[in-house]
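# Architecture at a glance
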Amino acid sequence: MLLLLGRRVPLSFVHRLTTCCSSSLSTPVLVSSVLIKLRAITRVTHSTVFVSATGQNTGTMPERRPFVRLPTDVYPVNYGLCLKPDLIDFTFEGKLEALVEVTQATNQIVMNCADIDIITASFVPQGGEEINATGFNYQNEDEKVTLSFPSALQKGSGTLKIDFVGELNDKMKGFYRSKYTASAGETRYAAVTQFEATDARRAFPCWDEPAIKATFDIALIVPKDRVALSNMNVIDRKPYPEDENLVEVKFATTPIMSTYLVAFVIGEYDFVESQSSDGITVRVYTPVGRAEQGKFALEVATKTLPFYKDYFNVPYPLPKIDLIAIADFAAGAMENWGLVTYRETALLIDPKNSCSSSRQWVALVVGHELAHQWFGNLVTMEWWTHLWLNEGFASWIEYLCVDHCFPEYDIWTQFVSADYTRALDLDALDSSHPIEVNVGHPSEVDEIFDAISYSKGASVIRMLHNYIGDEDFRKGMNAYLLKFQHKNASTEDLWDCLEQASGKPIAAVMGSWTKQMGFPIIEVEQEQQGDDRILKMSQKKFCASGPHNGEDCPSWMVPISICTSDDPKCTKLKVLLDRPETTITLSGIGPDQWVKINPGTVGFYRIQYSSSMLESLLPGVRDLNLQPVDRLGLQNDLFSLSRAGMISTVEVLKLMEAFVNEPNYTVWSDLSCNLGVLSSLLSHTDFHEEIQEFIRDLFTPIGLELGWDSKPGEGHLDALLRGLVLGKLGKAGHKPTLEEARRRFRDHVDGKTVLPADLRSPVYLTVLKHGDSATLDTMLKLHKQADMQEEKNRIERVLGAISAPDLIQKVLTFALSEEVRPQDTVSVIGGVAGSSKQGRKAAWKFVKDNWEELYNRYQGGFLISRLIKLTVDGFAIDKMAAEVKSFFESHPAPAAERTVQQCCENILLNAAWLKRDADDINQYLLQRKAPPV
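Residues numbered from 1 in each chain as written. Predicted model: local features only at pLDDT ≥ 70, side-chain atom pairs only at ≥ 80, totals over all residues. Heavy atoms only, no water.

## Regarding the overall build of the protein chain
Check the secondary structure of the protein chain and you find 27 helices and 32 strands. Relative to a compact globule of 933 residues, whose C-alpha radius of gyration would be 30 Å, the protein chain shows 28 Å and is just as compact. By residue count, 63% of the 933 residues in the protein chain fall in the buried class. Of the contacts made within the protein chain by residues no fewer than 6 positions apart, 71% connect residues no fewer than 24 positions apart. Summed over its atoms, the accessible surface of the protein chain is roughly 33,300 Å², and 51% of this surface lies on carbon and sulfur atoms. In the protein chain, 94 side chains carry a positive charge and 120 a negative one; their mean positions are 3 Å apart. (Helix = DSSP H or I, 4+ residues; strand = E, 2+ residues; numbered from the N terminus. Rg over C-alpha atoms; globule rule 2.2 N^0.38 Å. Buried < 20%, exposed > 50% of the residue type's maximum accessible area, 1.4 Å probe, protein only. Contact = heavy atoms within 4.5 Å. Areas by Shrake-Rupley, 256 points an atom, 1.4 Å probe, with all protein chains shown as cover. Lys, Arg positive; Asp, Glu negative; His and termini not counted. Charge placed at Lys NZ, Arg CZ, Asp CG, Glu CD.)

## Considering the packing of aromatic side chains
All chains considered together, the criterion is met by 47 aromatic pairs. Relative to Phe393, the ring of Phe312 has its centre 6.1 Å away and its plane inclined at 35°; by these criteria the two rings are tilted. On the criterion of sequence distance, the pair formed by Phe312 in helix α2 (residues 295–312) and Phe393 in helix α4 (residues 387–405) is long-range, its members being 81 residues apart. As far as burial versus exposure is concerned, Phe312 and Phe393 are alike and both buried. (Phe/Tyr/Trp six-rings, centres within 6.5 Å; stacked < 30°, edge-to-face > 60°.)

## Section: a nonpolar patch on the surface
Where nonpolar side chains cluster on the molecular surface, the patch consists of Tyr75, Val77 and Leu99 and spans about 230 Å² of accessible area. Residue position: Val77 is located in strand β3 (residues 74–86). (Patch = residues over 30% accessible without salt bridge, like charges linked within 9 Å, V, L, I, M, F, W, Y side chains within 5 Å. Salt bridge = Lys/Arg side-chain N within 4 Å of Asp/Glu carboxyl O.)

## Side note on helix α16 (residues 716–731)
Here α16 is 16 residues long and its end C-alpha atoms lie 23 Å apart, about the 22 Å a rise of 1.5 Å per residue gives. Positioned one or two residues after α16, Gly733 has a phi angle of 80°, which is positive. (Expected span 1.5 Å × (residues − 1).)

## A short note on helix α23 (residues 837–849)
The terminal C-alpha atoms of α23, which comprises 13 residues, lie 19 Å apart, in line with the 18 Å expected from a rise of 1.5 Å per residue. Those residues of α23 not exposed but buried are Gly839, Arg840, Ala842, Ala843, Trp844, Phe846 and Val847. Tucked inside the fold, the buried residues of α23 contact α14 (665–682), α21 (805–815), α22 (825–833), α24 (851–858), α25 (862–872) and α26 (878–890).

## Notes on the sheet that holds strand β22 (residues 339–343)
Taken in spatial order, the five strands line up as β18-β19-β20-β22-β21 in an open sheet, and their pairing is mixed. Bordering the open sheet on either side are β18 (270–275) and β21 (333–334), each of which pairs with just one other strand. Two strands pair when backbone bridges link them, and strand β19 (residues 281–286) and strand β20 (residues 320–326) are joined in this way by five bridges, in the parallel orientation. Pairing of Arg283 across the sheet is with Asp322, part of β20. Against the sheet, helix α3 (residues 356–372) touches β20, β21 and β22, its axis set at about 150° to β22. (Pairing = 2+ DSSP bridges. Axes fitted to C-alpha atoms, helices over the stretch in contact; angles between N-to-C directions.)

This is the structure in structure tokens:
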């Protein structure tokens, strides 16, 4: 699944999705029963207190909720499933006939079941008499049901028959309803699914664990004027005898697969179709009248399928693949086998009205989900502990695929800013977690759909691929997929295959990266001896609060590469640092040459150079001799060291000024992010205007060079850079940018000259930041008129930039209105919190005041974690950490416990950073504009 884990991307850009869903509370049909269910959630009283490296208590992690996997005495072989949704009353009827195997005699069958009422259940042993179940005992807390039988079911095959009813809920999980507007303007609903991680049980009683695979024969009874889709192709469509307005649609038998990958969609859609070079039918389904907008994704998908087939050397195993845009959708996309579901903004591209970052986003998401068709669907993790393998792998290979389809995107440099640095930031916290986490209860499963599973997972796979080399990596992958196809596997199984293919100690190296949290900082010193350069390297755990100086310091097996100024792109030496420190001799290196560790910024660690080594590298930033990705990595490391109190923030500001000749989009994007963090931090001081001036000075030269209008011969990255720079200058109050933005905005609104899609975010952001109630009203009008979800989202993300307190309230109220789709409310509130000190306070108060509605809306899925993070992460006062902690102690959100903890830790870190460096930063900013004496 691709989640929206807001990647480290500037406000004016598409926020990266990240994957996920599900929850610890089942969604009851009656409001009164919500209270009962809430009371039934027993809070565990034992707890572990976490203390940060600064010695402050950052919060308490409740102990694990009791959890037991399903018994193995009965397992499914085939599910015969027929569902009849009612799109008016939002209910559905279901019939299940499951072919099962009883492995030992038992008088009960335990299955997963949530928000479903079983009407009748019976068991028919092969060649025997039907036995009716005498009782259904629902364990709501564990989302299970026990069917009791009057006599023991004997060992052997049989058929389990269950008739049941359920609710087409509005929680964007399980079998749910999705609201859309039909061509005549009336509101209608589609019935759609989202089962990962643990929500297939909301659509039909099942063995809802990834290792309990079976085949599926699915039939849907639907209105005859609707499209009905499932994982497989349609094999029969005939009138439904009891109602002439309905048809029964039957689908081919699926391969053996996990429940979380089953899907069905009933609604009104158009499609575009093509065939991949290996003969697979590819369709992209769009809202009615928008088939054109599916063409870009279709082109990407038809190129991607053969790419993966060649890369894995395993054919795509189904006859067709459908990609479909769903109006109300919590994650970014979901890899259901043969029927991949997407948010509209992750699939639809309008040639005239879509910006470059949206095209790139669609390409990445399509690449991510199609990779899962092999890695996840054909071979599935044995349990959610190994989720990272699925998501980390797909989050890495999506870039490989996009680089193949669109080399002009320079996508691997963007990976470092979007995923790698983001994972380092999160993993430096005391409240991070290892890549592999033992999880049980559904709410714990939800919690690990985060930047560690996705972005750190992708980063360590990128490091591993670099360590092994592409040829052996592919060989090992092919062996893994062939050995485990249609089965389940664990992390160790992949290491075994890669170890056999490469002859390298993969399990030993990778265990240190997946089984313990965090990563090392490599400290490097050098000494010149004749023509030799002696490097002394040591490792210790890097913490966001400073280096780890405890007794039991963890260590890693670190693949280290080294390059020199002779050839900055070429690795001169590779070593495996498998101990706390080592000394390396590089021969034939003159005293005037520099040495750089981690060329390509591939190794997952931070570096602290001695001052002489750092001095020698700085000219490589100014004269662009260092590769873009290494200029970015150097700056990002230093920024992170300053936040940890290991160097002064002033040193980083001085380095940033050296980027004045920088041409690369991604390097600017990362600088922009870090300056955004600093600007947010300094909003708590009385010299916030000085950092705005610093930003204006840094971005003005590149802004003047780029100008407002695209020039002949420019490409994708120029468009991204122009949008980034103009947005940054506009937000920082650069007068000429503000005036031009206002002029172009007026022309756009008056219909004189339509703003190109790539300029809309920066222009909207600029006019709102410095706008009044008339500006906000105009933006809300544009939002109402927009027929593309991308444009609506573009506006929603920047509304929070408005400054006046009464208008901030208006934006927050708008976030919960019918005008905003439920999954997008989070980015509106987040936009308010991220834009100013006043916005942050107002957004936090709004979340507290509307907590019940927000919590009920997202039911503990990953959107609730995202909401909390966006709202409170930017505070920088110790007492706010205590306030946030205490609020969530009295308003528990089980799936967001770790997020709350990470936010509290971040608030304390921000406060410590401000106390430590604020005066020095202020002095530096004042003195740099003082006239020379």
